[in-house]
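# Close look at the chain arrangement
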Amino acid sequence: MPMSLFNAGGSDPPSVAILQLSHLFRRAHNEPLLALENVSLTVAPGEFVSIVGASGCGKSTLLRLLAGLDQPTSGELCISGAPPGQLLGASGYMPQRDLLMPWRSVLDNAIVALEYASIPRRQARERASALLPTFGLAGFEDAYPAALSGGMRQRVSLLRTIMTGKRLLLLDEPFGALDAITRAELHEWLNNLLTELKATVILVTHDLEEAAYLSDTVYVMSDRPGHIADSVPIPLPRPRPYQIISSITFTACKHQLLDALRQAHHTGAVAMLGRDR
């Protein structure tokens, strides 16, 4: 995988955080309750971080803030290489739905970011074509989204995200709608791919097994208003064969995540009762 894809201002030394959040608050319009409350987080270059939490806790809201699609009510948010307050376009963002354009082929969907960056179409197609085998899409360059399986559509969507060339990738539950077998296959494929890329990734997910298998660290969010209630390091070596999910260490990580999630939910419920009084 050509490392030249990550061209957003060079590479940071390991000691420099690629992402820093400090006391971030977000209040939705016309709503009395905060969506996010006092969120602080630091992510190092090359780190794979997952964010888990109950539905409605603010995980996707946080990712939209990181992508520059929304603005915090207060607090500081910094992505290395991005001018202060100008986060839109500083990262590669993959939403829950693949959002492929049905009138464009696989190859032409993959080059959207390059076209937006004013790279000549022929050059953009050549760069994307070279990556199709890595993404399991060789021979499908002229296929249209309607002819693809769900797993292949997600591969195209991820290729499009990586073609942005950004060193920080934001993935919002990209595999939630897939069946268990396809999801497991994509987990193993993505783990190998991102280990090779050495990309920095933030993944929002409901799936604790997905989070434990892919991540270096998993952050657990409380119920709304969401804040970081706990962090769970995943002490598994890389590369990670999928068979590792049956190991004692992996099982212990899942139990730790589940306990942290339950505690965060309980703490959030108690806090809500206090507010109601």
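The sections below set out a description of the structure shown in this document. This one's a predicted model, so the numbers in the text were calculated from it and none came from an experiment.

### Some points on the overall build of the chain
If you tally the helices and strands in the chain, you get eight helices and nine strands. Within the chain, the fraction of its 277 residues that count as buried is 47%. Contacts spanning at least 24 positions in sequence make up 71% of the contacts within the chain whose residues lie at least 6 apart. Split by element, the accessible area of the chain, about 13,200 Å² in all, is 55% carbon and sulfur.

### Concerning the pattern of salt bridges
Where side chains of opposite charge bring their charged atoms close, a pairing between them can arise. All chains considered together, the criterion is met by ten salt bridges. Note that D98 and R153 form a salt bridge whose closest N and O atoms lie 2.8 Å from each other. You can see D98 sitting in the loop between β5 (92-94) and α2 (106-110) and its partner R153 sitting in helix α5 (residues 150-162), a full 55 residues away along the chain. Classification of R153 by relative accessible area gives partly exposed; the value is 21%.

### Some words on the sheet that holds strand β2 (residues 34-43)
Overall, antiparallel pairing links the three strands, which are arranged β2-β1-β4 in an open sheet. The sheet terminates laterally at β2 and β4 (74-79), the two strands that pair on one side only. Direction aside, the axes of adjacent strands within the sheet are offset by 15° on average. Pairing of strand β1 (residues 19-27) with β2 involves six bridges; the strand directions are antiparallel. The partner of L19 across the bridge, within β2, is V43.

### Thoughts on the side chain of S91
Positionally, S91 belongs in the loop between β4 and β5. With a relative accessible area of 9%, S91 lands in the buried category. In contact with S91, not counting residues within four places along its chain, are L66, A67, K166, L168 and L170.

### Some thoughts on the packing of aromatic side chains
Applying the stated criterion across every chain yields a total of two aromatic pairs. Ring centres of F135 and W189 lie 5.4 Å apart, and the angle between their planes is 70°; on these two criteria the pair is classed as edge-to-face. Of this pair, F135 sits in the loop between α4 (121-131) and α5 while W189 is found in helix α6 (residues 180-197), placing the two residues 54 residues apart along the sequence. With respect to burial, F135 and W189 carry one shared label: buried. A cation over a ring is seen here: R155 above W189, with NZ or CZ 4.5 Å from the ring centre.

### What about unusual backbone geometry?
Most peptide bonds take the trans configuration, and most residues that are not glycine carry a negative phi. A cis geometry characterises the amide bond from R224 onward to P225, with omega recorded as 0°. Within the fold, P225 resides in the loop between β8 (217-221) and β9 (228-233). The omega torsion across R238 and P239 is 0°, close enough to zero to call that bond cis. Phi at H23 takes a positive value of approximately 50°, unusual for a residue other than glycine. Considering the arrangement of structural elements, one finds H23 in strand β1. By relative accessible area, which is 46% here, H23 ends up partly exposed. A positive phi angle, close to 45°, is found at E173, a residue other than glycine. Within the secondary structure, E173 is located in the loop between β6 (168-172) and α6.

### Looking at the nonpolar core
Among the nonpolar cores identified, the biggest contains 55 residues, and F135, L137, L158, L159, L190 and L194 are the most heavily contacted of them. The dominant element in this core, judged by the number of residues it contributes, is α6, at seven residues. If we ignore the near neighbours within four places in the chain, the residues touching L158 are M94, F135, L171, W189, L190 and L193. Counting 27 residues, the second largest nonpolar core, distinct from the first, contains L21, L36, L66 and M221.

Reading the values: rules and limits
- Residues numbered from 1 in each chain as written.
- Predicted model: local features only at pLDDT ≥ 70, side-chain atom pairs only at ≥ 80, totals over all residues.
- Heavy atoms only, no water.
- Helix = DSSP H or I, 4+ residues; strand = E, 2+ residues; numbered from the N terminus.
- Buried < 20%, exposed > 50% of the residue type's maximum accessible area, 1.4 Å probe, protein only.
- Contact = heavy atoms within 4.5 Å.
- Areas by Shrake-Rupley, 256 points an atom, 1.4 Å probe, with all protein chains shown as cover.
- Salt bridge = Lys/Arg side-chain N within 4 Å of Asp/Glu carboxyl O.
- Pairing = 2+ DSSP bridges.
- Axes fitted to C-alpha atoms, helices over the stretch in contact; angles between N-to-C directions.
- Phe/Tyr/Trp six-rings, centres within 6.5 Å; stacked < 30°, edge-to-face > 60°.
- Lys NZ or Arg CZ within 6 Å of the ring centre and 35° of its normal.
- Core = buried A, V, L, I, M, F, W, Y, C linked by side-chain atoms within 4.5 Å.

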